[in-house]
Amino acid sequence: MTLTYILLATLASGVLSVVVAGWLAFRYFARFLHQMISFSVGVMLSVALLHTLPEAFESEADTRVLFALLLAGLLGFFMLEKLAVLRHNHHHEHDGHGHPPGHDAHEAGRGGMAVLVGDGLHNFCDGIVIAAAFLADPMLGLLTTLTIAAHEIPQELGDFIVLVNAGFTRRKALLFNVLSSMTAIAGGLVGYYLLAGSKQWVPYVLTLAASSFLYIAVADLMPQMQRRTTVRESLPQFVLIAAGVLAIYAVNSVFHRHAHGPAAGQSVEAAVTAEPASPPSPLAR
């Protein structure tokens, strides 16, 4: 059953996110991109700090090792992003750099497939993270899926715009994004079969996932929000961040009520796998 949940979750976080991003691109293009970014920040911070990290630290893993891994993850993602910045040039038509007509579209076209390959690897890793979360706790798996989907929609929308600028038609850009997103399903399968028999590694994968969420929210998304500095522009950002936090809190509250239904302090999975209590013996009366 857990594998089914993982497959459905990776499908939702990958393919459905691309479909939603494509629909927004076709209907509104990048009109709501800034609103999605603010909402994603609230979702990612709340899941990382209130759910993923507590789940990892409540395990039997050494907390000092987990903190060191969290630090290594943050620094690692910083280095990976620096390498990506050094190796990729982002060009857009009419950017004011004085290039000949069509130069920027040509340069973007050269990087179009690189964007798809990088996105495919990213989605594959997301699938592994989702598998680890579901193996730790079904509710955490759902929250992790929602977090990844909330981030993937604006990211896929951005990738869609890059591919269109690279010379892809809108339909072709959507098709290639869907194919790239399906690597999340492969990642979910790999994560399940690797971690199901080695659950002691799950807290470490969750810690790396939390470092990814924190880095993306603080180093990638928040700086984009800082470009809007007036009170009139900043107030909706605060409201949408709070909405992201409240959305995760609401989902958590609903599923915690179901999780504690079988027995206080016992998860649904534990209640299902626990042996039923033996009926009282008639001689004990």
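Residues numbered from 1 in each chain as written. Predicted model: local features only at pLDDT ≥ 70, side-chain atom pairs only at ≥ 80, totals over all residues. Heavy atoms only, no water.

1. Quick notes on the overall build of the chain
Applied cut-off: In this description a helix means any DSSP run of H or I spanning at least four residues, a strand means any run of E spanning at least two, and both kinds are numbered starting from the N terminus. Type-normalised accessible area, obtained with a 1.4 Å probe on protein chains alone, sets the label of each residue: buried when under 20%, exposed when over 50%, and partly exposed for intermediate values. Any pair of residues with heavy atoms lying within 4.5 Å of one another is described as a contacting pair. We get accessible surface area from the Shrake-Rupley algorithm with a probe of 1.4 Å; when it comes to residues, only the shown protein chains can shield them.
A count of helices and strands for the chain gives 10 helices and 0 strands. Starting at the N terminus and ending at the C terminus, the chain contains elements arranged as α-α-α-α-α-α-α-α-α-α. Here the chain holds 285 residues, and the buried ones make up 37% of them. For the chain, the proportion of contacts with a sequence separation of at least 24, taken over those separated by at least 6, is 81%. For the chain, the accessible surface area stands at approximately 16100 Å², while carbon and sulfur atoms represent 67% of it.

2. Some points on the pattern of salt bridges
In plain terms, the rule: We count a salt bridge whenever a side-chain nitrogen from Lys or Arg sits within 4 Å of a carboxyl oxygen from Asp or Glu.
In this structure the tally under the stated criterion is 1 salt bridge. Across the pair Arg64 and Asp62 runs a salt bridge, and its minimum N-O distance is 3.5 Å. What makes Asp62 partly exposed here is its relative accessible area of 33%.

3. Considering the environment of Ser46
Applicable threshold: In protein, a polar contact requires one atom able to donate a hydrogen and another able to accept it; more generally it is a pair of N or O atoms within 3.5 Å, and residues adjacent in sequence count only if both atoms are side-chain atoms.
Along the polypeptide, Ser46 turns up in helix H2 (residues 33-57). Take Ser46: its relative accessible area is 4%, and that puts it in the buried class. Between the alpha carbons of Ser46 and Ala242 there is a distance of 9.8 Å; along the sequence they are 196 residues apart. Among residues more than four places away in sequence, those in contact with Ser46 are His51, Gly244, Val245 and Ile248. In this structure the side chain of Ser46 is engaged in a polar contact, spanning 2.8 Å, whose partner is the backbone oxygen of Gly42.

4. Let's talk about the packing of aromatic side chains
Stated precisely, the cut-off is as follows: A pair of aromatic rings is counted whenever rings of Phe, Tyr or Trp (Trp by its six-membered ring) have centres within 6.5 Å, and the orientation is called stacked for planes under 30 degrees apart, edge-to-face for over 60 and tilted otherwise.
Here the structure, examined in full by the defined rule, presents 5 aromatic pairs. Here Trp201 and Tyr204 contribute two aromatic rings whose centre-to-centre distance is 5.7 Å and whose plane-to-plane angle is 55°, an arrangement assigned as tilted. For Tyr204, a relative accessible area of 22% gives the class partly exposed.

5. Topic: the environment of Gly141
Here Gly141 is to be found in helix H5 (residues 138-165). In this structure, the C-alpha to C-alpha distance between Gly141 and Thr52, residues 89 residues apart in sequence, is 9.4 Å.

6. Comments concerning the side chain of Ser211
The residue Ser211 is located in helix H8 (residues 202-225) in this model. Within polar-contact distance, the side chain of Ser211 engages the backbone oxygen of Leu208 at 2.6 Å. Setting aside anything within four residues of it in sequence, one finds Ser211 in contact with Leu70, Gly73, Leu74 and Phe77.

7. Re the confidence of the model for the chain
The following threshold applies: Per-residue confidence from the predictor is given as pLDDT, running between 0 and 100.
Of all residues in the chain, 72% have pLDDT values of 70 or greater, and the mean over the chain is 75. When pLDDT is averaged over each helix and strand of the chain, the minimum, 36, is found for helix H10 (residues 268-273) and the maximum, 92, for helix H7 (residues 183-195). Confidence over residues 87-110 falls short of pLDDT 50; this stretch has 21 contacts with residues more than four positions distant or in other chains. Counted against residues more than four places away or in other chains, residues 259-285, with its pLDDT under 50, gives 13 contacts.

8. Quick look at H8
So the rule is basically this: Each helix should span, by expectation, one fewer than its residue count multiplied by 1.5 Å. Working definition for bend: take the seven residues up to and ending at a residue and the seven starting at it, fit an axis to each, and measure the angle between the axes.
For H8, built from 24 residues, the straight-helix expectation of 34 Å at 1.5 Å per residue is met to within 8% by its first-to-last C-alpha distance of 33 Å. Along H8, the largest kink reaches about 30° and is centred on Ala217.

9. Some remarks on helix H6 (residues 170-181)
Quick note on the threshold: The arc in question is formed by the directions pointing from the helix axis toward the C-beta atoms.
The first and last C-alpha atoms of H6 sit 16 Å apart over 12 residues, in line with the 16 Å expected at 1.5 Å per residue. Looking only at H6, the buried set comprises Ala173, Asn177, Val178, Ser180 and Ser181. Considered in projection along H6, the buried side chains sweep an arc of 160° and stay on one side of the axis.

10. A short note on a nonpolar patch on the surface
This is how the line gets drawn: To count toward a patch, a residue needs a relative accessible area over 30% and no salt bridge; like charges are then connected within 9 Å, while nonpolar side chains (Val, Leu, Ile, Met, Phe, Trp, Tyr) are connected within 5 Å.
Together, Leu7, Leu189 and Tyr193 make up an exposed nonpolar region whose accessible area comes to about 280 Å². Residue placement: Leu189 occurs in helix H7. Look at Leu189 and you get partly exposed, because its relative accessible area is 32%.

11. Some thoughts on the side chain of Thr145
Relative to the assigned elements, Thr145 resides in helix H5. Assessed through its relative accessible area of 8%, Thr145 is described here as buried. Filtering out sequence-adjacent residues up to four positions away, Thr145 remains in contact with Ala9, Ser13, Ile130 and Phe134.

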